[in-house]
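Examination of the molecular architecture
The residues making up each chain are set out below.
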Amino acid sequence: MMKWTKRSLAAVAVATMTAVPAVAQETVSAVVIDGYPDRSLWVREFTNFFIPEVDRRLAEAGNYQMSWQENYGGSIVKPRGVLEGVQLGLGDIGIVTTIFHSSKLPSQGLAAVTPFVSSDARAVAQAVDEIAREYPAMQNEFAAQNQVYLATGVVLDSYQMFCTDPIESISDLEGRKVAGAGVNLRYLEGIQDAAGVRGGLTDFYNMLQTGLVDCAMLWPESAATFNISEVAPYMIRTDFGSVNSKTVTANQDYWNTLPDEVKDVLRAVSIDYRDHLAALTMDNAAAAEATYVETGGTIIDISDDDRAAWAAAMPNVAQEWAATLNGNGEDGDQMLESYLAKLEAAGFTGVRDWTQP
């Protein structure tokens, strides 16, 4: 048995006092929402990359720690409801699928209205996000929805067509019904009697299975995730291009309560998440196509001539987009030119010059 002395008791007292931290970490809560399931790439990587990276950086400083509550797959909002959910404070941070909100977030359609330019998610993500920081339009639109813009994400290497029957050329799409979401339905307007049917990613399997549509515009990773080869065994490689469709935002009222240190980390990690997601998307693209083939799918390439003819037959949705932004008091023309210039500098030139009528 240890015999205590005045000296040993004093030493224990000193050790106890010095072991108590001078400043305790403050806990900051964050409710994260998305209507898509956690198997979706961007949701999975929010869990696997974004959250651990925020935690790591805050731990380095030692002043704050996060308490995360993640709510996906419709537990709080459906896929189309994230924008409103964050606006109302149902979530503090959300991954907004912007293609569902072209009227409220028109500037977010920039990549979608410039098809057939770049199928590199990394280049598109960086270019769109730089436009958001160089011009006020995108941030103003989210501010009007009581939200703070953090970063744009691109989760697809390129939209392709997934069809129930083989499509060899643009003429084979005449009279077909095609599922899509947002601006990409406008791509069909130059094809005789082709009809766009609006739907969401989680709806496309059933739409194809039931014959409601003949084709759907998806990207290979999502086709693999949602087993699209079972109902649409033909992927038509149109290479419409990468499109930004995810934006990380924070509720403005919640944001106002955050310490500056936490705000800085969230901003920085949002950009890293943008680049991480885009790089992972490109890494996964070839594997996803291989999975599609392995599970019964066939890939058919559309010729360069058909891609050029398709682009030429479309209405100039980019010019319409710019005119809408101009009408809202933003510099839509300059945003369009600047965006395409960024892609050209990165090595990507489209089959049509969307800056010209």
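Residues numbered from 1 in each chain as written. Predicted model: local features only at pLDDT ≥ 70, side-chain atom pairs only at ≥ 80, totals over all residues. Heavy atoms only, no water.

1. Brief notes about the pattern of salt bridges
- One pass over the structure, following the stated rule, counts 17 salt bridges.
- For Asp120, the salt bridge is made with Arg122, and the minimal N-O distance between the two is 2.9 Å.
- Taken together, the shared-partner salt bridges connect Glu53, Arg56, Arg57, Glu60 and Asp272 into one network. (Salt bridge = Lys/Arg side-chain N within 4 Å of Asp/Glu carboxyl O.)

2. As for empty space enclosed by the protein
- What the rule picks out here adds up to three cavities of 30 Å³ or more.
- When its volume is computed, the largest cavity comes out at roughly 120 Å³.
- Along the wall of the largest cavity there are 18 residues; nearest its centre are Tyr36, Ile99, Tyr159, Leu201 and Trp219.
- Among the residues making up the lining of the largest cavity, the classes are represented as 12 nonpolar, five polar and one charged.
- Quantified by volume, the second largest cavity comes out at close to 60 Å³.
- If you trace the second largest cavity, you find it lined by Thr98, Ile99, Ser102, Leu105, Gln108, Gly109, Ala112, Gly182, Val183 and Asn244.
- Here the lining of the second largest cavity is composed, by residue class, of four nonpolar, six polar and no charged. (1 Å grid on protein atoms, 1.4 Å probe; cavity = no way out; pocket = protein on both sides within 12 Å on 5 of 7 lines; lining within 4 Å. Points joined across faces, edges and corners; volume = space filled by probe spheres on them. Nonpolar A, V, L, I, M, F, W, Y, C, P; charged D, E, K, R; others polar.)

3. Describing the side chain of Asp306
- Tracing the chain through its elements places Asp306 in helix H10 (residues 304–313).
- Despite its burial, Asp306 remains without a salt bridge, the nearest opposite charge being carried by Arg307 at 9.8 Å.
- What Asp306 contacts, discounting residues up to four positions off in sequence, is Glu168, Ser169 and Ile170. (Helix = DSSP H or I, 4+ residues; strand = E, 2+ residues; numbered from the N terminus. Buried < 20%, exposed > 50% of the residue type's maximum accessible area, 1.4 Å probe, protein only. Lys, Arg positive; Asp, Glu negative; His and termini not counted. Contact = heavy atoms within 4.5 Å.)

4. A closer look at the sheet that holds strand E3 (residues 93–97)
- Sheet architecture is open: five strands sit in the order E2-E1-E3-E10-E4, paired in mixed fashion. Looking at strand neighbours, the two that pair on one side only are strand E2 (64–71) and strand E4 (147–153), the edges of this open sheet. With strand direction ignored, the average angle separating the axes of adjacent strands in the sheet is 25°.
- Where strand E1 (residues 26–33) meets E2, eight bridges bridge the pair, whose relative direction is parallel. Following the sheet pairing, Ala30 is matched in E2 by Trp68.
- Contacting E1, E2, E3, E4 and strand E10 (246–251), helix H9 (residues 260–294) runs over the sheet at an angle of about 25° to E4. (Pairing = 2+ DSSP bridges. Axes fitted to C-alpha atoms, helices over the stretch in contact; angles between N-to-C directions.)

As far as function goes, none of this settles anything; it's purely spatial.
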